[in-house]
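Residues per chain, in single letters:
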Amino acid sequence: MSAWDITPGMFAPLISAFLLRWLYRDVSLPLPLGLKRSWKQYLLSLLVPAIALLLAVPLYQLMGNGSFTWAGVEPVRLALSLFPIALAASLTALGEEYGWRGYLLPLMLPLGKRKAALITGFVWGAWHLPIVLSGLTYPGQPVLLAALVFITCTILLSFWFTELFFRSNQSVALAALSHGTLNALSEISSPVHFPGVNPMLSNPFGLVIAILVFFIAILSGRIFGTRDHSIRRDIW
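Residues numbered from 1 in each chain as written. Predicted model: local features only at pLDDT ≥ 70, side-chain atom pairs only at ≥ 80, totals over all residues. Heavy atoms only, no water.

S.K.: It is not clear to me how the overall build of the protein should be interpreted in this structure. Could you clarify?
M.R.: Looking only at helices and strands, one finds 10 helices and zero strands in the protein. What you see in the protein, going N to C, is helices and strands ordered as α-α-α-α-α-α-α-α-α-α. Looking at the protein as a whole, 47% of its 236 residues are labelled buried. For the protein, restricting intrachain contacts to residue pairs at least 6 apart in sequence, the fraction spanning at least 24 positions comes to 80%. Working note: accessible area of the protein is about 11,500 Å², and carbon and sulfur atoms make up 70% of it. (Helix = DSSP H or I, 4+ residues; strand = E, 2+ residues; numbered from the N terminus. Buried < 20%, exposed > 50% of the residue type's maximum accessible area, 1.4 Å probe, protein only. Contact = heavy atoms within 4.5 Å. Areas by Shrake-Rupley, 256 points an atom, 1.4 Å probe, with all protein chains shown as cover.)

Written out as structure tokens, the structure is:
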């Protein structure tokens, strides 16, 4: 199984959101994409995953699990290639985010924003289990441990995407951009560039980056604060 094999399936949450809306005659959900946002919010969506990776690199070295190598690729060339990769990955990530943050998260909000983020993250991770169990996400790792680690990571990351969703006035597009950027970072955080590092740590959906992104979400203060988190359906 390759990344191209799973790309069509990434639109299943989007299709499911519209199908559920039709079945239950829900005229209010899913939300609009939320494209009309400031450049600062777009920049934030891109920077948080990148900052987490930059912080992760010295952490890998401190843990004695290996050091970063460009693996024969010029740093500038690789960095420039990440931007179009992130944009392309964001289009496919939109298929997921329209289901997770655009539909499921708002439905869970009556339970409270923290529980909503946790449940959405769990469902997000469970939905990926066939891919994780195939060994594509964490090559060479025990499948049951890999499944546990992946769901833990999606729950942690869900708090960031929930924070971004509300910080951007419920923009699904910005959540997709941040999600796509995280996917694109696999280009420089694979075992090729971190020889000797367990992929359950170095993968963009690995524990180190997930924990760092989670703490960024906490420092943002809105998920755990008293800010109004009601859904505004008229924001485009």
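S.K.: What exactly am I supposed to notice about the packing of helix α7 (residues 143–167) against helix α10 (residues 207–220) here?
M.R.: Two numbers describe a pair of packed helices, the interaxial angle and the distance between the axes. The N-to-C vectors of α7 and α10 enclose an angle of 30°; their axes lie 8 Å apart at closest approach. In terms of their interaxial angle, α7 and α10 are classed as roughly parallel. As α7 packs across α10, the resulting crossing turns out to be left-handed. On α10, the residues touching Val 149, Thr 152, Cys 153, Leu 156, Leu 157, Phe 159, Trp 160, Glu 163 and Arg 167 of α7 are Leu 207, Ala 210, Ile 211, Val 213, Phe 214, Ile 216, Ala 217 and Ser 220. In terms of residue class, the contact of α7 with α10 is built from 13 nonpolar, two polar and two charged. (Axes fitted to C-alpha atoms, helices over the stretch in contact; angles between N-to-C directions. Parallel < 35°, antiparallel > 145°, perpendicular 65-115°, else oblique. Left-handed = near helix turned anticlockwise from the far one by under 90°. Nonpolar A, V, L, I, M, F, W, Y, C, P; charged D, E, K, R; others polar.)

S.K.: Is there a simple way to think about unusual backbone geometry in this case?
M.R.: Negative phi is the rule for most residues except glycine; trans is the rule for most peptide bonds. At Asn 169, a position not held by glycine, the phi torsion is positive, near 55°. By the element assignment, Asn 169 lies in the loop between α7 and α8 (172–184).

S.K.: For this particular structure, what's the right way to read the nonpolar core?
M.R.: When a protein is soluble and globular, its nonpolar side chains tend to lie buried together. Counting residues in hydrophobic clusters, the biggest one holds 47 residues, and the most contacted among them are Tyr 138, Leu 157, Trp 160, Ile 209 and Val 213. Sorting the residues of this core by element identifies α3 (39–62), α4 (75–108), α5 (113–127), α7, α8 and α10 as the ones contributing at least two each. The element best represented in this core is α7, accounting for 14 residues. In this structure Ile 209 touches Ala 52, Leu 53, Ala 56, Tyr 60, Leu 182, Asn 203 and Pro 204, once residues within four positions along its chain are discounted. (Core = buried A, V, L, I, M, F, W, Y, C linked by side-chain atoms within 4.5 Å.)

S.K.: Before we go on, may I ask you to explain the packing of aromatic side chains in this structure?
M.R.: Given two aromatic rings, one states the distance between the centres and the angle between the planes to describe the pair. As enumerated under the stated definition, the model contains eight aromatic pairs in all. For the pair Phe 159 and Phe 214, a centre-to-centre distance of 5.3 Å together with 80° between the ring planes defines the contact as edge-to-face. Taken together, the positions of Phe 159 in helix α7 and Phe 214 in helix α10 put the pair 55 residues apart, joining distant regions of the chain. Judged by relative accessible area, which is 16%, Phe 214 ranks as buried. (Phe/Tyr/Trp six-rings, centres within 6.5 Å; stacked < 30°, edge-to-face > 60°.)

S.K.: Can you help me understand the pattern of salt bridges in this one?
M.R.: Pairing between side chains of opposite charge can happen when their charged atoms approach one another. In total, this model carries two salt bridges according to the counting rule given. A salt bridge links Arg 167 to Glu 163; the nearest nitrogen and oxygen atoms lie 2.7 Å apart. Pair noted here: Arg 167 and Glu 163 are both in helix α7, with a separation of four residues, about one helical turn. (Salt bridge = Lys/Arg side-chain N within 4 Å of Asp/Glu carboxyl O.)

S.K.: In this structure, what is going on with a nonpolar patch on the surface? I would like to understand it.
M.R.: A cluster of nonpolar side chains, namely Leu 19, Leu 20, Trp 22, Leu 23 and Tyr 24, defines an oily patch on the protein surface of about 580 Å² accessible area. If you trace the backbone, Leu 23 turns up in helix α2 (residues 12–23). For Leu 23, a relative accessible area of 47% translates into the label partly exposed. (Patch = residues over 30% accessible without salt bridge, like charges linked within 9 Å, V, L, I, M, F, W, Y side chains within 5 Å.)

S.K.: Which parts of the structure should I look at to understand the confidence of the model for the protein?
M.R.: Interpretation of the predicted coordinates at a detailed level should be avoided for regions scoring low in pLDDT. The pLDDT averaged across the protein works out to 78; a share of 72% of its residues lies at or above 70. Ranking the elements of the protein by mean pLDDT puts helix α1 (residues 3–6) last, at 48, and α5 first, at 94. Confidence over residues 1–5 falls short of pLDDT 50; this stretch has six contacts with residues more than four positions distant or in other chains. This stretch, residues 232–236, has a pLDDT under 50; its non-local contacts, to residues over four places away or in other chains, come to 15 contacts. (pLDDT = per-residue confidence, 0-100.)

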